[in-house]
Number of protein chains: 2
Amino acid sequence: MDTTQRTEQQRSADRRRRELLEAADRVVLRDGPQASMNAIAAEAGITKPILYRHFGDKGGLYAALAMRHTDALLASLRAALDAPAERRERVEATLDTYLAAIEARPQVYRFLMHPSEGGQGGDHGFDVGKHSAPLLRRMGEELAQVIEERLDLGPGTQQLARVWGHGIVGMMHAAGDWWLGERPCSRAELVRSLADLLWGRLAAAGDKVGGPGF
Amino acid sequence: MDTTQRTEQQRSADRRRRELLEAADRVVLRDGPQASMNAIAAEAGITKPILYRHFGDKGGLYAALAMRHTDALLASLRAALDAPAERRERVEATLDTYLAAIEARPQVYRFLMHPSEGGQGGDHGFDVGKHSAPLLRRMGEELAQVIEERLDLGPGTQQLARVWGHGIVGMMHAAGDWWLGERPCSRAELVRSLADLLWGRLAAAGDKVGGPGF
DNA sequence: CGTGCGTGTTACTAGCGGTAACCTGAGTCT
DNA sequence: AGACTCAGGTTACCGCTAGTAACACGCACG
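Residues numbered from 1 in each chain as written. Chains lettered and ligands numbered in written order. Predicted model: local features only at pLDDT ≥ 70, side-chain atom pairs only at ≥ 80, totals over all residues. Heavy atoms only, no water.

Time to look at the relation of the copies chain A and chain B. With an RMSD of 0.1 Å, the fit of chain A onto chain B corresponds to turning through 180° and sliding 0.0 Å along the axis. With respect to symmetry, the two chain copies, as superposed, fit the operation of a two-fold axis. A symmetric contact is evident, with 99% of the interface residues of chain A recurring at the interface of chain B. (Least-squares fit on C-alpha atoms with pLDDT ≥ 70 in both. Contact = heavy atoms within 4.5 Å.)

If you check the shell around DNA strand D, you find 14 residues, and the closest are Lys48(A), Tyr52(A), Lys58(A), Thr47(B) and Arg53(B). Among the atoms of DNA strand D lying within 4 Å of the protein, the sugar-phosphate backbone contributes 50%. A distance of 2.7 Å separates a base oxygen of DNA strand D from a polar atom in the side chain of Lys48(A). At a separation of 2.5 Å, a phosphate oxygen of DNA strand D approaches a polar side-chain atom of Thr47(B). Elements represented by at least two residues in the surface near DNA strand D include exactly helix H3 (48–55) of chain A together with helix H3 (48–55) of chain B. A per-class count over the surface near DNA strand D returns six nonpolar, three polar and five charged. (Near = heavy atom within 4 Å. Polar contact = N/O pair within 3.5 Å; in protein donor to acceptor, adjacent residues only side chain to side chain. Helix = DSSP H or I, 4+ residues; strand = E, 2+ residues; numbered from the N terminus. Nonpolar A, V, L, I, M, F, W, Y, C, P; charged D, E, K, R; others polar.)

Right, let's talk about the packing of aromatic side chains for a bit. Residue and element names in this part refer to chain A. Considering all chains together, one arrives at two aromatic pairs over all chains under this definition. Between the aromatic rings of Tyr62 and Phe111, the centroid separation amounts to 4.9 Å while the plane-to-plane angle is 75°, which identifies the pairing as edge-to-face. Taken together, the positions of Tyr62 in helix H4 (residues 58–82) and Phe111 in helix H6 (residues 106–113) put the pair 49 residues apart, joining distant regions of the chain. For Phe111, a relative accessible area of 1% corresponds to the buried category. The ring of Trp179 carries the charged tip of Arg183 above its face, separated from the ring centre by 4.7 Å. (Phe/Tyr/Trp six-rings, centres within 6.5 Å; stacked < 30°, edge-to-face > 60°. Buried < 20%, exposed > 50% of the residue type's maximum accessible area, 1.4 Å probe, protein only. Lys NZ or Arg CZ within 6 Å of the ring centre and 35° of its normal.)

Below, the discussion takes up the packing of helix H8 (residues 157–182) of chain A against helix H9 (residues 187–198) of chain A. Residue and element names in this part refer to chain A. Following both chains from N to C, one finds H8 and H9 inclined at 150°, their axes separated by 11 Å at the closest point. When the interaxial angle is binned, H8 and H9 end up roughly antiparallel. As H8 packs across H9, the resulting crossing turns out to be right-handed. Taking contact as the criterion, the partners of Ile168, Met171, Ala175 and Trp179 in H8 are, on H9, Arg187, Leu190, Leu194, Leu197 and Leu198. Split by residue class, the contact of H8 with H9 holds eight nonpolar, no polar and one charged. (Axes fitted to C-alpha atoms, helices over the stretch in contact; angles between N-to-C directions. Parallel < 35°, antiparallel > 145°, perpendicular 65-115°, else oblique. Left-handed = near helix turned anticlockwise from the far one by under 90°.)

Further remarks concern the UniProt feature "DNA-binding region" (unreviewed entry) in chain A. In the numbering used here, UniProt assigns the "DNA-binding region" (unreviewed entry) feature to residues 36–55 of chain A. Helix makes up 80% of residues 36–55 of chain A and strand 0%, with an end-to-end C-alpha separation of 14 Å. (UniProt positions renumbered as here; feature names shortened; annotations may be inferred.)

Turning next to the environment of Val146(A). Residue and element names in this part refer to chain A. Residue placement: Val146 occurs in helix H7 (residues 134–150). A relative accessible area of 9% means that Val146 is categorised as buried. For the pair Val146 and Ala161, spaced 15 residues apart in sequence, the C-alpha to C-alpha distance is 8.4 Å.

A few words now on the protein's contact with DNA strand C. Surrounding DNA strand C, one finds 13 residues, the nearest of these being Thr47(A), Arg53(A), Lys48(B), Tyr52(B) and Lys58(B). Counting only atoms of DNA strand C within 4 Å of the protein, the sugar-phosphate share comes to 46%. Within the contact set of DNA strand C, a base nitrogen lies 2.3 Å away from a side-chain nitrogen or oxygen of Arg53(A). Lys58(B) is positioned such that a nitrogen or oxygen atom in its side chain is 2.6 Å from a phosphate oxygen of DNA strand C. Within the residue set of the surface near DNA strand C, elements represented by two or more residues are H3 of chain A together with H3 of chain B.

Pasting the structure below:
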């Protein structure tokens, strides 16, 4: 009986937790990453201490929230990466999937990339290097694994794959961020340009006449 | 006489401003981006309102601070990019310059990448897309200009150059950030791996035997 | 009946960014 | 001399935030 009761309670707690996360989601979608705990609690129809009982602190809530979106986006990316097509087509599809996602819900994207960051909660630890958005890290690792599994890069494949994974993800992210702000071209054009870059057009390009060469 | 007096005052104000910036620099170097205005004022031996008279608000101070470091780093990068050598060598030198900089002073680097970002100062504006670190944007634009000036990419060169500029900078940044956290290899190896990526080794790589191909 | 226990609230602390109001001393005009 | 201006600086405050302690209701169990 004790067990059944505990499961019952846990079930209720989980439901509550999901409700709270959805409320938080709505607020973040509306207010961006500056969404305050007060606002989230109000949106959920409760008060702050409950949030803290469920998630510990703001970081906990944000981590839980980020996990959901990150998982969803990663699933899409994996699907694009696994489609049956030529390598270049798949790379383009993956880029396009990512860009479409950040285009569709920029607030969520922004939240994922800059998760609060602040908090004067005395953590004076040197956590430099780990400060990057978890989403970027996870995407980088994921891509690294795919590269390592499928590409033959000779000796040092594993290390090369990890560098490339993070590097390519960073390229995608920075280009996407800039593109989202200035909209200098269509999504398809951006995808093609980035794929061209990855396909070695930089190395293959000729020097401009009269210049010292790049 | 009026002019001389005003220049005298302005000179004094500028000196003061530089002193304040140096104090702020010390604090940021010590406390990271969470450095508070109070702490900075204390380090400078004065009180908050003076800071606000000089820089307007926290964003202003941070912008002024970031400008110094950004200018310095950009100058180094430009030098590496302009060195008399083969294209690949120059690319490697530039990557190495950046990585050496972030390796040498990670706190400054972190500050430049995530300039406060917070602040409850009711700016609920949808500034998504412009949220990226100014340093990244400036580096991207700079690189884009160099690419456009020196490379012959056929029609659409300008747009391609901008995409590549931001993309390459993002690649460098993300890989550097990851590398700084995990230190999976030497700086030289990282530089080589990234240059290899830019040189089209991704496209040239063969599929792994037995796999579906990437 | 009372005793826990989960669920929720109110009311608070400490610290932040930012500002209004005041003070102070040096130079200038009459 | 004495009043007047004005830069430079301080105290004391506002409104906000994240986070917490302490108290109150409802409901099962012995």
